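A look at the structure
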Amino acid sequence: MNNSAALILIKPDGLKKSLTGNVLARLSETKLEIVAARMVRVSKKLAEEHYQSLSDKPFFKALVQYIQGELHDRRKVMALVYWGEDAIRKCRNLAGATNPEEAEPTSIRGSYGRITTGGIYENVIHVSSDETEAEREIKLWFTPDEIIVDLYPSKEIKEGEKKVKVWK
Ligand code: IDP
Ligand code: MG
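Remember, it's a predicted structure, so these values are computed and weren't measured experimentally.

Turning our eyes to something else, we now look at the overall build of the protein chain. Counting its regular elements, the protein chain contains 7 helices and 8 strands. Within the protein chain, buried positions represent 43% of all 168 residues. Of the contacts formed within the protein chain by residues at least 6 apart in sequence, a portion of 67% connects residues at least 24 apart. Accessible surface computed for the protein chain: about 9200 Å², of which carbon and sulfur atoms make up 47%.

Turning to the layout of surface pockets, a few remarks are in order. The computed volume of the largest pocket comes to approximately 480 Å³. Contributing to the lining of the largest pocket are 22 residues, with Lys11, Tyr51, Leu54, Leu63 and Thr98 lying nearest its centre. Mapped onto the lining of the largest pocket, the elements with two or more residues apiece are helix H4 (60–68), strand S6 (125–127) and helix H7 (131–141). When residues of the lining of the largest pocket are assigned to their parent elements, the largest contribution, 3 residues, is made by H7. In terms of residue class, the lining of the largest pocket is built from 8 nonpolar, 8 polar and 6 charged.

This brings us to the side chain of His126. Checked against the element boundaries, His126 lands in strand S6. Reaching out from His126, the side chain makes a polar contact with the side chain of Glu137 at a distance of 2.9 Å. Setting aside residues up to four positions removed in sequence, His126 forms contacts with Leu7, Ile8, Leu9, Lys11, His50, Tyr51, Arg109 and Glu137.

The strand order across the open sheet built from 4 strands is S2-S3-S1-S6, with neighbouring strands paired in antiparallel fashion. A strand with exactly one partner marks an edge of an open sheet, and here the two such strands are strand S2 (33–40) and S6. Within this sheet the neighbouring strands show an average axis-to-axis angle of 20°, counted without direction. Pairing analysis gives 8 bridges linking strand S1 (residues 3–10) to strand S3 (residues 77–85), with the strands arranged antiparallel.

With respect to the helices and strands, His72 occurs in the loop between H4 and S3. Overall, the relative accessible area of 7% leaves His72 in the buried class. Residue contacts for His72: discarding those within four places in its chain leaves Pro12, Asp13, Lys16, Tyr66 and Glu122.

Before going further, it helps to examine the nonpolar core. Within the largest apolar cluster, 29 residues are counted, with the highest numbers of intra-cluster contacts made by Val81, Ile138, Trp141, Phe142 and Ile147. When contributions to this core are tallied by element, the ones reaching two or more residues are S1, S2, helix H3 (44–50), H4, S3 and H7. It is H4 that provides the largest number of residues to this core, a total of 5 residues. Those residues within four positions of Trp141 in sequence are excluded, and the remaining contacts are Leu7, Leu9, Arg38, Val40, Val42, Leu46, His50, Val77, Ala79 and Glu146. Listed in part, the 18 residues of the second largest apolar core include Leu19, Leu32, Cys91 and Leu94.

We now examine the site of ligand 1. Around ligand 1 sit Lys11, Tyr51, Leu54, Phe59, Leu63, Tyr66, Arg92, Thr98, Arg109, Gly119, Tyr121 and Asn123, and those are all the residues in its vicinity. Within the side chain of Arg92, a nitrogen or oxygen atom sits 3.2 Å from an oxygen atom of ligand 1. Asn123 places a polar side-chain atom, nitrogen or oxygen, 2.8 Å from an oxygen atom of ligand 1. Coverage of ligand 1 by the protein chains reaches 79% of its 530 Å² of free accessible surface. The cavity where ligand 1 resides is the largest pocket.

About the cut-offs
- Residues numbered from 1 in each chain as written.
- Chains lettered and ligands numbered in written order.
- Predicted model: local features only at pLDDT ≥ 70, side-chain atom pairs only at ≥ 80, totals over all residues.
- Heavy atoms only, no water.
- Helix = DSSP H or I, 4+ residues; strand = E, 2+ residues; numbered from the N terminus.
- Buried < 20%, exposed > 50% of the residue type's maximum accessible area, 1.4 Å probe, protein only.
- Contact = heavy atoms within 4.5 Å.
- Areas by Shrake-Rupley, 256 points an atom, 1.4 Å probe, with all protein chains shown as cover.
- 1 Å grid on protein atoms, 1.4 Å probe; cavity = no way out; pocket = protein on both sides within 12 Å on 5 of 7 lines; lining within 4 Å.
- Points joined across faces, edges and corners; volume = space filled by probe spheres on them.
- Nonpolar A, V, L, I, M, F, W, Y, C, P; charged D, E, K, R; others polar.
- Polar contact = N/O pair within 3.5 Å; in protein donor to acceptor, adjacent residues only side chain to side chain.
- Pairing = 2+ DSSP bridges.
- Axes fitted to C-alpha atoms, helices over the stretch in contact; angles between N-to-C directions.
- Core = buried A, V, L, I, M, F, W, Y, C linked by side-chain atoms within 4.5 Å.
- Near = heavy atom within 4 Å.
- Sits in = over half its atoms within 2 Å of the grid points.

As structure tokens, then:
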């Protein structure tokens, strides 16, 4: 068994096109477990940190606007963590290639994605690319208490009166 976790984001174009149900139905084919889910209003800081490895690309600024929902008047994304055997590979296969025109037609991106006239790849979902990226991304989008299994080491700290868990 090679269990892994993958961060999935239903991007603002997916939400605007009412594709949430379709995307979740496709992902359920994997038989993986959803271990976290929440709607997130994406700050510029979160967007830039999420896509930090692409910061030198010419499309970076547009990409940050896209994931923040500024191009779709939907200032939110749905963030989920899928967990189980080969989660990353299975979810990326279902998502299809980054460029929706090159993605397999039956994949999520092939079915629902498009390239805008401005050249942005609107490809409906994000899926972590490998285990290192998945860990970095999941820790960015979720606190330990928002995930129902112990994926990564965490520790308790005192915040005023109450104790909260943070990533170690
Ligand atoms: P991935 O989402 O398939 O892992 P990445 O290379 O990590 O692909 O790129 C992140 C996102 O940036 C893509 O999903 C897409 O929305 C956008 N993107 C990547 N490459 C291009 C490009 O060449 N032109 C326009 N947008 C791009
Ligand atoms: Mg990527």
